[in-house]
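Listed below, chain by chain, are the residues.
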Amino acid sequence: MPHRKFLSAFAILCASIATAHSGNWTKLSEDGVHDPRGPAIELLQYPGDALSNLPSDTAGNEVDWIRALRAGVIQPRPSIDPDREDRRLDKDIYLDLYGSMPSVRFPHLAHTEWLDCSNCHDHLFLPKRGANNISMFLILQGQQCGVCHGAVAFPLTECSRCHSVPNHEAQRIVAAIEAAEKEKQAGASDGAVKRRDAGTAGPRKDSPNAGKQQ
Amino acid sequence: MIRRLHALLGAPLLVGVLAIGHSLESRAEYADVVLNRNSEKEGMRPVVFPHWFHRIRFRCKVCHAELGFKMRAGSNLVTMGDIIDGRFCGACHNGEIAWAPENCDLCHSGKPGLPPGIFGGHETNGPGIW
């Protein structure tokens, strides 16, 4: 299998890049984007002053942002308008069940702690399992997951954070979810029939709430 | 079959991207964005927006849902008029949530000549649409 070789080449490459950089943040005057002669260079914060106090990581900002948030080390505001709804969803989606890499677990909760549904739905992903042709090829081009991963969220070199579940285990979990949904749907359509019999409109099966488990 | 193809295409591509990214030796902090659609044309340094600094204080949804910044470097036409009227950066940089727009140099801190785009020092160069 030729791509196995590529994959191990990556693993080594990624590891070497990661270690080459860990634990050092460049001074603003040497980072290539700030003007070292500008008046702000002494006023702006050096990234290491803030980031070295947060749970550490090897890639990206070298901060484990999810742990920083959940441990309460940082308390980023969810909105400016205090009445704005902070929408969350706790639902894992399993992708890539039969590929050469381990399966991908996409956790809605970790994402909706930072992001709003509208950051992904519907312009990046239709909110329907399997309805999007997600592929590593497009991700690497900065589309789909690659809009954020590789730009602001942890970079694409961190294969195993996405490809995190053995295929057989993901297949088992998805089979269980699908069985539960089938059962629920059978129950729901029974209910709809009864209500229709009683002369009132039941919930449409294709309504956004049908089959949602919360 | 298609999956296989992707695997085969993806792997060398990624090696390519990483190699390019690495050889450019971009040293900016991961996810720093340069905004420079009009600044330099109008005699100001480019703007450097640090994601790391802001995400300690605000979740992504504040800027990218509530305040309407599109997630694509260079795609938001931000003007000083907007900022002074309380839109985009000005929703916070209003002297209440954060310091006021009169601190020109804190935002306009970039090296002259930089193109708009995302920069990042560690693992990737930020793909954007390459």
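What counts and what doesn't
- Residues numbered from 1 in each chain as written.
- Chains lettered and ligands numbered in written order.
- Predicted model: local features only at pLDDT ≥ 70, side-chain atom pairs only at ≥ 80, totals over all residues.
- Heavy atoms only, no water.
- Helix = DSSP H or I, 4+ residues; strand = E, 2+ residues; numbered from the N terminus.
- Buried < 20%, exposed > 50% of the residue type's maximum accessible area, 1.4 Å probe, protein only.
- Contact = heavy atoms within 4.5 Å.
- Areas by Shrake-Rupley, 256 points an atom, 1.4 Å probe, with all protein chains shown as cover.
- Polar contact = N/O pair within 3.5 Å; in protein donor to acceptor, adjacent residues only side chain to side chain.
- Pairing = 2+ DSSP bridges.
- Axes fitted to C-alpha atoms, helices over the stretch in contact; angles between N-to-C directions.
- Domains from an automatic or database assignment.
- Buried area = accessible area lost by both parts, 1.4 Å probe.
- Salt bridge = Lys/Arg side-chain N within 4 Å of Asp/Glu carboxyl O.
- Nonpolar A, V, L, I, M, F, W, Y, C, P; charged D, E, K, R; others polar.
- Core = buried A, V, L, I, M, F, W, Y, C linked by side-chain atoms within 4.5 Å.
- Phe/Tyr/Trp six-rings, centres within 6.5 Å; stacked < 30°, edge-to-face > 60°.
- Lys NZ or Arg CZ within 6 Å of the ring centre and 35° of its normal.
- Lys, Arg positive; Asp, Glu negative; His and termini not counted.

## Description of the overall build of chain A
At step 1: Broken down by element type, chain A carries 7 helices and 3 strands.
At step 2: Overall, chain A shows an N-to-C arrangement of helices and strands of α-α-α-β-β-α-α-α-β-α.
At step 3: Put simply, chain A has 214 residues, and 33% of those count as buried.
At step 4: Contacts spanning at least 24 positions in sequence make up 47% of the contacts within chain A whose residues lie at least 6 apart.
At step 5: Accessible surface for chain A amounts to roughly 12,600 Å². Of this, 55% is attributable to carbon and sulfur atoms.

## What to know about the environment of L67(B)
At step 1: Note that L67(B) resides in the loop between α3 (60-66) and α4 (80-84).
At step 2: If sequence neighbours within four positions are ignored, L67(B) has contacts with V62(B), F88(B) and A91(B).

## Some thoughts on the environment of N94(B)
Residue and element names in this part refer to chain B.
At step 1: Mapping N94 onto the fold places it in the loop between α4 and α5 (104-107).
At step 2: Put simply, N94 and K41 are 53 residues apart on the chain and 25 Å apart in space, counted from C-alpha to C-alpha.
At step 3: Looking at N94, its side chain comes within polar contact range of the main-chain nitrogen of E96, at 2.8 Å.

## Comments concerning the sheet that holds strand β3 (residues 163-165) of chain A
Paired through their backbone hydrogen bonds, the strands of a sheet run either parallel or antiparallel.
Residues and elements named next belong to chain A.
At step 1: Read across the sheet, 3 strands follow the order β1-β2-β3 without closing on themselves; strand pairing throughout is antiparallel. Every other strand in the sheet has two partners, leaving β1 (92-95) and β3 as the edge strands with one partner each. In this sheet, neighbouring strand axes are inclined to one another by 55° on average, regardless of whether the strands run parallel or antiparallel.
At step 2: Note that strand β2 (residues 103-107) and β3 share 2 bridges and pair antiparallel. Opposite S103, over in β3, you have V165 as the bridge partner.

## Focus: the domain arrangement of chain A
Residues and elements named next belong to chain A.
At step 1: Structurally, chain A comprises domain 1 (27-76), domain 2 (90-165) and domain 3 (172-213).
At step 2: Taken together, the 4 residues of domain 2 in the interface contact 6 residues of domain 3.
At step 3: Three residues, K91, Y94 and R129, lead the burial of domain 2 against domain 3; their summed loss comes to 82% of the area buried on that side.
At step 4: Summed over the shared surface of domain 2 and domain 3, the number is 1 salt bridge.
At step 5: Where R129 meets E181, a salt bridge forms, and the shortest distance between an N and an O atom there is 3.0 Å.
At step 6: Tallied by class, the residues present in the side of domain 2 that touches domain 3 amount to 2 nonpolar, no polar and 2 charged.

## A word on the sheet that holds strand β2 (residues 47-50) of chain B
All names here are of chain B.
At step 1: The strand order across the open sheet built from 3 strands is β2-β1-β3, with neighbouring strands paired in antiparallel fashion. The open sheet has two edge strands, β2 and β3 (117-119), and neither has a second partner. With strand direction ignored, the average angle separating the axes of adjacent strands in the sheet is 30°.
At step 2: Here 3 bridges tie strand β1 (residues 32-35) to β3, and the two strands are oriented antiparallel to one another. Paired with D32 across the strands is F119, a residue of β3.

## Quick notes on the nonpolar core
At step 1: In this structure, L51(A), L54(A), W65(A), I74(A), W114(A), W52(B) and I56(B) are the most contacted members of the largest nonpolar core, which totals 13 residues.
At step 2: Of all hydrophobic cores here, the second largest spans 6 residues; its members include V33(A), V34(B), L114(B) and F119(B).

## Digging into the pattern of salt bridges
At step 1: Within the structure shown, the criterion is met by 13 salt bridges over all chains.
At step 2: With a shortest N-O distance of 2.8 Å, D35(A) and R45(B) are connected by a salt bridge. Of this pair, D35(A) sits in the loop between α1 (2-21) and α2 (47-51) while R45(B) sits in the loop between β1 and β2, placing the two residues on different chains.
At step 3: When its relative accessible area of 24% is taken as the criterion, R45(B) is described as partly exposed.

## Topic: the packing of aromatic side chains
At step 1: Considering all chains together, one arrives at 3 aromatic pairs over all chains under this definition.
At step 2: Centre to centre, the rings of W52(B) and F53(B) are 5.7 Å apart; their planes meet at 80°, and the pair counts as edge-to-face.
At step 3: The exposure class of F53(B) is partly exposed, given its relative accessible area of 26%.
At step 4: When the centroid spacing of 5.0 Å and the interplanar angle of 55° are considered together, the rings of F69(B) and F88(B) count as tilted. You can see F69(B) sitting in the loop between α3 and α4 and its partner F88(B) sitting in the loop between α4 and α5, a full 19 residues away along the chain. A single burial state applies to F69(B) and to F88(B), both of which are buried.
At step 5: Over the ring of W114(A) we find R55(B); its NZ or CZ atom is 4.3 Å from the centre of that ring.

## Digging into the side chain of E66(B)
At step 1: Within the secondary structure, E66(B) is located in helix α3.
At step 2: Buried charge E66(B) goes without a salt bridge, the closest partner of opposite sign being R84(A) at 4.3 Å.
At step 3: For E66(B), the side chain forms a polar contact with the main-chain nitrogen of I80(A), separated by 2.8 Å.
At step 4: Within the structure, the side chain of E66(B) is placed 2.8 Å from the backbone nitrogen of D81(A), a separation counted as a polar contact.
At step 5: E66(B) has contacts with S79(A), I80(A), D81(A), R84(A) and K61(B), leaving out every residue within four places of it along the chain.

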